[in-house]
Amino acid sequence: MSNRSVLYGGACIGFILVIFLFSFWNPEKQVRRHQRLLLSALEDRDWDDFSELLAQNYSDRWGHDKAFVQSRAAEVFRFFAVQITEEITRLDMLVDEAEVHARLRMQGRGGPLAEYAIMRANALTEPWVFRWKKQSWKPWDWVLEHVDQPELEITGI
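Throughout what follows, the structure given in this document is the object of discussion.

About the thresholds
Every chain begins its residue count from 1, and numbering advances along the sequence as written. Restriction of local features to residues with pLDDT of at least 70 applies here, the model being predicted, together with a cutoff of 80 or more for giving and counting side-chain atom pairs; totals for whole chains, interfaces and linings are based on all residues. Hydrogens and waters are ignored; side-chain quantities use all the structure's heavy atoms. Numbering of helices and strands starts at the N terminus; helices are DSSP runs of H or I of at least 4 residues and strands are runs of E of at least 2. Exposure is judged per residue with a 1.4 Å probe applied to protein chains only, and the accessible area is read against the type maximum: over 50% gives exposed, under 20% gives buried, and values in between give partly exposed. Contact between two residues is taken to exist if any of their heavy atoms lie within 4.5 Å; hydrogens are not considered. Reported accessibility uses the Shrake-Rupley method at a 1.4 Å probe radius. Residues are deemed covered only where the shown protein chains occlude them. For two strands to count as paired, DSSP must find a minimum of two bridges between them. For this analysis, a ring pair means two rings from Phe, Tyr or Trp (six-membered ring only for Trp) whose centres lie within 6.5 Å, classed as stacked if their planes differ by under 30 degrees, edge-to-face if by over 60, and tilted for the remaining angles. In these notes, a set of buried Ala, Val, Leu, Ile, Met, Phe, Trp, Tyr and Cys residues joined through side-chain atoms within 4.5 Å is what counts as a nonpolar core. For helices, the fitted line uses only the C-alpha atoms of the stretch in contact; every axis is such a line through C-alpha atoms, and the angle between N-to-C directions lies from 0 to 180 degrees. Surface patches are defined over residues having more than 30% relative accessible area and no salt bridge, joining like charges when they lie within 9 Å and nonpolar side chains (Val, Leu, Ile, Met, Phe, Trp, Tyr) when within 5 Å. Each salt bridge in this description consists of a side-chain nitrogen of Lys or Arg and a carboxyl oxygen of Asp or Glu lying within 4 Å of one another. In this charge count, Lys and Arg are treated as positive and Asp and Glu as negative; neither His nor the chain ends contribute. For the purpose of locating charges, the reference atoms are NZ of Lys, CZ of Arg, CG of Asp and CD of Glu.

The next thing to look at is the overall build of the protein. Regarding its fold elements, the protein presents five helices and five strands. When the helices and strands of the protein are listed from N to C terminus, the series reads α-α-α-β-α-β-β-α-β-β. Put simply, the protein has 157 residues, and 32% of those count as buried. Partitioning the intrachain contacts of the protein with sequence separation of at least 6 by distance along the chain shows that 58% fall at a separation of at least 24. Summed over its atoms, the accessible surface of the protein is roughly 10,000 Å², and 57% of this surface lies on carbon and sulfur atoms.

Below, the structure written as structure tokens:
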């Protein structure tokens, strides 16, 4: 094998690697990936991963911040096993921000309160809105800044 063949082979492999990385680091793919990671962290009760996906300035329409959501998520999800399926209905991309509109369906088991929560969540017809923000120059550095669900009223928590 000649030096020229090795050089061309290395260049082809490098070119393929660059194309793969640009494809993998595509902002829309990264947002979709982070959305899946968020739901998987909830399903698996992986509170470290869940916390890493929340922005420091996280907020939602119910007035909750990151610390509140971290503590309550662990409290709420300990009572039942859940599987969350998602149908993304719209994804709006800006330069360093994205908004994911998704219908979520829950399946699971637990006590009466868990069954009620699953039934109530599945009755929602409007999609959830997740606002993601890229927090640095790194293509994979997306965090969840805001969540909304216009039909869901949470009071007394």
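Further remarks concern the pairing of strand β4 (residues 128-134). As judged from the six bridges shared by strand β3 (residues 97-110) and β4, these two strands associate in the antiparallel manner. Paired with V100 across the strands is F130, a residue of β4. Pairing between β4 and strand β5 (residues 142-148): six bridges, direction antiparallel. Bridge pairing in β5 places R131 opposite H146.

Another aspect to go through is the side chain of S51. Structurally, S51 can be placed in helix α3 (residues 47-53). Exposure remark for S51: the relative accessible area of 16% places this residue in the buried category. Excluding residues within four positions of it along the chain, S51 makes contact with K66 and Q70.

What follows deals with the packing of aromatic side chains. Within the structure shown, the criterion is met by three aromatic pairs. Among the aromatic residues, those joined into a cluster by ring pairs are W62, W128 and F130.

Counting 33 residues, the largest nonpolar core has F50, W128, F130, W132 and L144 as the members making the most contacts within it. Apart from residues lying up to four places away in sequence, W128 is in contact with W62, V100, H101, A102, L104, V147, D148, Q149 and L152.

Turning to the sheet that holds β4, a few remarks are in order. Taken in spatial order, the five strands of this open sheet run β1-β5-β4-β3-β2, and their pairing is mixed. In this open sheet, the two strands that pair with only one neighbour each are β1 (54-60) and β2 (80-93). For this sheet the average axis-to-axis angle between neighbouring strands, irrespective of direction, equals 25 degrees. Relative to β3, β2 is paired through 13 bridges, and the arrangement is antiparallel. If you follow T85 over to β3, its bridge partner there is R105. The strands touched by helix α2 (residues 27-44) are β2, β3, β4 and β5; relative to β2, the strand with the most contacts, the crossing angle is about 160 degrees. This element, helix α4 (residues 66-77), spans β1 and β2 of the sheet and lies at about 80 degrees to β1.

A word on a negative patch on the surface. On the surface, D44, D48, D49 and E52 cluster together into a patch of negative charge. Relative to the helices and strands, E52 is located in helix α3. Note on E52: relative accessible area 60%, which makes it exposed.

This part takes up a nonpolar patch on the surface. Judged by side-chain polarity, L113, Y116 and M119 come together as a nonpolar surface patch covering roughly 370 Å² of accessible area. Tracing the chain through its elements places M119 in helix α5 (residues 112-123).

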